[in-house]
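Chains, contacts and geometry: an overview
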Amino acid sequence: MDLYFVKFRAISKLTSEVVQGYFLGKLNQVPEYDFFVVPGRYARKYSVDLNGSFEDFLEDFRIKKEKALVEVAESPTLTDEFFDFWLIQSRRQNLRLIGSELFRLTENGDHEA
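Quick caveat: nothing in here was measured; it's all calculated off a predicted structure.

Rules of the game
- Residues numbered from 1 in each chain as written.
- Predicted model: local features only at pLDDT ≥ 70, side-chain atom pairs only at ≥ 80, totals over all residues.
- Heavy atoms only, no water.
- Helix = DSSP H or I, 4+ residues; strand = E, 2+ residues; numbered from the N terminus.
- Expected span 1.5 Å × (residues − 1).
- Buried < 20%, exposed > 50% of the residue type's maximum accessible area, 1.4 Å probe, protein only.
- Arc of directions from axis to C-beta.
- Contact = heavy atoms within 4.5 Å.
- Phe/Tyr/Trp six-rings, centres within 6.5 Å; stacked < 30°, edge-to-face > 60°.
- Salt bridge = Lys/Arg side-chain N within 4 Å of Asp/Glu carboxyl O.

**Observations concerning helix H2 (residues 75–92)**
Each α-helix turn comprises 3.6 residues. Residues three or four places apart therefore point the same way. Relative to the 26 Å expected for 18 residues at 1.5 Å per residue, H2 spans 26 Å between its end C-alpha atoms, a close match to the ideal helical length. Regarding H2, the residues found buried are Ser75, Leu78, Thr79, Trp86 and Ser90. Down the axis of H2, the buried set is contained in an arc of 100 degrees. They therefore lie on one face. Exposed side of H2, more than 90 degrees from the buried face: Arg91 and Arg92 are the residues found there. Where the residues of H2 are buried, they touch strand E2 (17–26), strand E3 (32–39), helix H1 (54–71) and helix H3 (95–107).

**Thoughts on the packing of aromatic side chains**
By the definition in use, this model includes 18 aromatic pairs. Aromatic side chains Phe5 and Phe54 sit 4.7 Å apart centroid to centroid with 75 degrees between the ring planes, which places their arrangement in the edge-to-face category. Of this pair, Phe5 sits in strand E1 (residues 3–11) while Phe54 sits in helix H1; the two residues are 49 residues apart in sequence, bridging distant segments of the chain. Using a relative accessible area of 35% as the deciding quantity, one classes Phe54 as partly exposed. Summarising the aromatic geometry, the rings of Phe23 and Tyr33 are spaced 6.1 Å apart at their centres and angled 50 degrees between planes, so their arrangement reads as tilted.

**Re the pattern of salt bridges**
Should their charged atoms come close, side chains of opposite charge can pair. Inspection of every chain in the model, using the stated rule, returns six salt bridges. For the salt bridge of Glu71 with Lys45, the shortest nitrogen-to-oxygen distance reads 3.6 Å. In this pair, Glu71 sits in helix H1 while Lys45 sits in the loop between E3 and H1, placing the two residues 26 residues apart along the sequence. With relative accessibility at 44%, the residue Glu71 sits in the partly exposed group. Under the relative-accessibility criterion, Lys45 is labelled exposed at 54%. One salt bridge connects Glu59 with Arg62, and the closest N-O pair in it is separated by 2.7 Å. Of the two residues, Glu59 and Arg62 both sit in helix H1, three residues apart, roughly one turn of that helix.

Listed below in structure tokens is the structure:
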């Protein structure tokens, strides 16, 4: 099967912001993705369970993202800024290549990448 699903949580050491999201795609195609950002002080409250199944993760992600964007004043701005950053970075590389790299990482079981 040439499908992949990558869940992630990244924490900025500089700003203590927490980015959570996922990439979903097929080999040699542009991946679908979504993420949201919260300040570190809200990390526990809006933490998405990365160990759940595909369906459970997506449901938990959707709920936490909706709540964070409504309840945390900074979250919409931080999320928009991160989306802008991601778009700039992804334009530097071919999104199809990024999808292929993500596929290879999951195929090789490199969970720490």
